[in-house]
Amino acid sequence: MSAGVVATVAGRPVPVDEVDAAEARLRAGPRAAALPRRGTSEGRQLRRWLTQLIVTERVIAAEVAARGLAADDAPTEDDLLPDATARLEIGSVAAAALASPSARALFADVTAAVRVTDAEVADYHARNPLRFAAPRPDPHGWDRPPPVGPPLDEVRPAIVGHLRAAARRREFRVWLDARRAALAELAPGYEHPGDPRQPDNTHRH
């Protein structure tokens, strides 16, 4: 891999200038004070994360073009990532990439066939009987869960929606990891932030 290139995606180089520009935009933004200093271990990890995001965006763009997808009918970001838990499930890089309508169109295409079974729904309800129970106000005005959960048929649509959304996020994360592994090659110094082989990874077991 030539100097000045942080990665290749489907054989096409990702120049270091793209990472420099992405970092400069962050450091000029409203959260600049929270960013690590340049040249530190944490600063290098930030650049690795930005490299992952750029590579992911290129993988997504290639897949969108190959599938002939349009972003016109893409689901909204809130549809796919309604809360912090959903963002944690899918990972920070994929969550950031899904800010793009074309990425969300790809998500919808990749995960369209994901379904949950009746057995999975029943098992979830048995383990979480109050998960979708409507709270009831007590005499002091506080909302309290009911003593007994609602019957399965009453909350089945909510459980199906919850489980299918989580399953779609898993499907997309696994698929995206596989496509990145197939299409992308990272230059030394720009490995994944969590790669235990790179010297700035401080996550140890």
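Residues numbered from 1 in each chain as written. Predicted model: local features only at pLDDT ≥ 70, side-chain atom pairs only at ≥ 80, totals over all residues. Heavy atoms only, no water.

In the nomenclature of an unreviewed UniProt entry, the protein chain corresponds to Malonyl CoA-ACP transacylase from the organism Mycobacterium bohemicum.

**Remarks on the overall build of the protein chain**
When helices and strands are tallied, the protein chain shows eight helices and five strands. Overall, the protein chain shows an N-to-C arrangement of helices and strands of β-β-α-α-α-α-α-α-α-β-β-α-β. Compactness check: the protein chain gives a C-alpha radius of gyration of 21 Å against a globular reference of 17 Å for 205 residues, more than 25% above the reference. Overall, the protein chain is about 65 × 40 × 35 Å in size when its C-alpha atoms are taken along their principal axes. Nonlocal contacts in the protein chain, meaning residues at least 24 apart in sequence, comprise 69% of its contacts between residues at least 6 apart. (Helix = DSSP H or I, 4+ residues; strand = E, 2+ residues; numbered from the N terminus. Rg over C-alpha atoms; globule rule 2.2 N^0.38 Å. Contact = heavy atoms within 4.5 Å.)

**Some details on the pattern of salt bridges**
Proximity of charged atoms lets side chains of opposite charge pair with each other. Tallying each qualifying case throughout the model produces 17 salt bridges. One salt bridge connects E63 with R179, and the closest N-O pair in it is separated by 2.7 Å. Residue E63 is located in helix α2 (residues 41-67), and its partner R179 is located in helix α8 (residues 152-183); the two are separated by 116 residues in the primary sequence. Given a relative accessible area of 25%, R179 falls into the partly exposed group. For the salt bridge of E77 with R87, the shortest nitrogen-to-oxygen distance reads 2.9 Å. Taken as a pair, E77 in helix α3 (residues 77-80) and R87 in helix α4 (residues 84-90) lie far apart in primary sequence, 10 residues in all. Residue classification places E77 among the partly exposed positions, given a relative accessible area of 24%. Put simply, D20, E23, R27, R38 and R47 are held in one network by salt bridges that share partners. (Salt bridge = Lys/Arg side-chain N within 4 Å of Asp/Glu carboxyl O. Buried < 20%, exposed > 50% of the residue type's maximum accessible area, 1.4 Å probe, protein only.)

**With respect to helix α7 (residues 118-127)**
Those residues of α7 that fall on the buried side of the exposure criterion are V121, Y124 and H125. The buried residues of α7 occupy an angular sector of 100 degrees when the element is viewed end-on, so they sit on one face. The exposed residues of α7 that point more than 90 degrees off its buried face are A119, A126 and R127. Taken together, the buried residues of α7 touch α8. (Arc of directions from axis to C-beta.)

**Things to note about the nonpolar core**
One finds I90, L98 and F172 to be the most contacted residues of the largest nonpolar core, which totals 32 residues. Of all the elements, α2 adds the most residues to this core, at eight residues. Setting aside residues no more than four positions away along its own chain, I90 makes contact with L81, A95, L98, F107, R169, F172 and R173. Within the second largest apolar cluster, five residues are counted, among which are V121, Y124, V155 and L163. (Core = buried A, V, L, I, M, F, W, Y, C linked by side-chain atoms within 4.5 Å.)

**Details of the side chain of R180**
Locating R180 in the fold gives a position in helix α8. When residues no more than four places from it in sequence are discounted, the contact partners of R180 are Q52, V55, T56, V59 and V93.

**Some points on helix α1 (residues 16-27)**
In this model, α1 (12 residues) spans 17 Å end to end at C-alpha, consistent with the 16 Å of a helix rising 1.5 Å per residue. Every buried residue of α1 is accounted for by V16, V19, A22, E23 and R27. Across the axial projection of α1, the buried residues extend over an arc of 135 degrees, all falling on one side. The outward face of α1, more than 90 degrees from its buried face, is lined by the exposed residues D17 and R25. In the core, the buried residues of α1 are packed alongside β1 (5-9), β2 (12-15) and α2. (Expected span 1.5 Å × (residues − 1).)

**Some remarks on the packing of aromatic side chains**
To describe a pair of aromatic rings, you give the distance between the ring centres and the angle between the ring planes. Following the criterion strictly, the structure yields two aromatic pairs and no others. Relative to F172, the ring of F107 lies with its centre 5.0 Å away and its plane at 45 degrees, an arrangement referred to as tilted. Taken together, the residues F107 in helix α6 (residues 101-110) and F172 in helix α8 connect sequence positions 65 residues apart. Assessed through its relative accessible area of 1%, F107 is described here as buried. Residue F172 is classed as buried on the basis of its relative accessible area of 0%. Each ring, one from F172 and one from W175, has its centre 5.8 Å from the other, and the planes form 25 degrees; the classification is stacked. You can see F172 and its partner W175 sitting in helix α8, three residues apart, about one turn around the helix. Residue W175 is classed as buried on the basis of its relative accessible area of 16%. Here the aromatic cluster, defined as three or more aromatic residues joined through ring pairs, consists of F107, F172 and W175. Sitting over the ring of F132, R131 keeps its end group 4.5 Å from the ring centre. (Phe/Tyr/Trp six-rings, centres within 6.5 Å; stacked < 30°, edge-to-face > 60°. Lys NZ or Arg CZ within 6 Å of the ring centre and 35° of its normal.)

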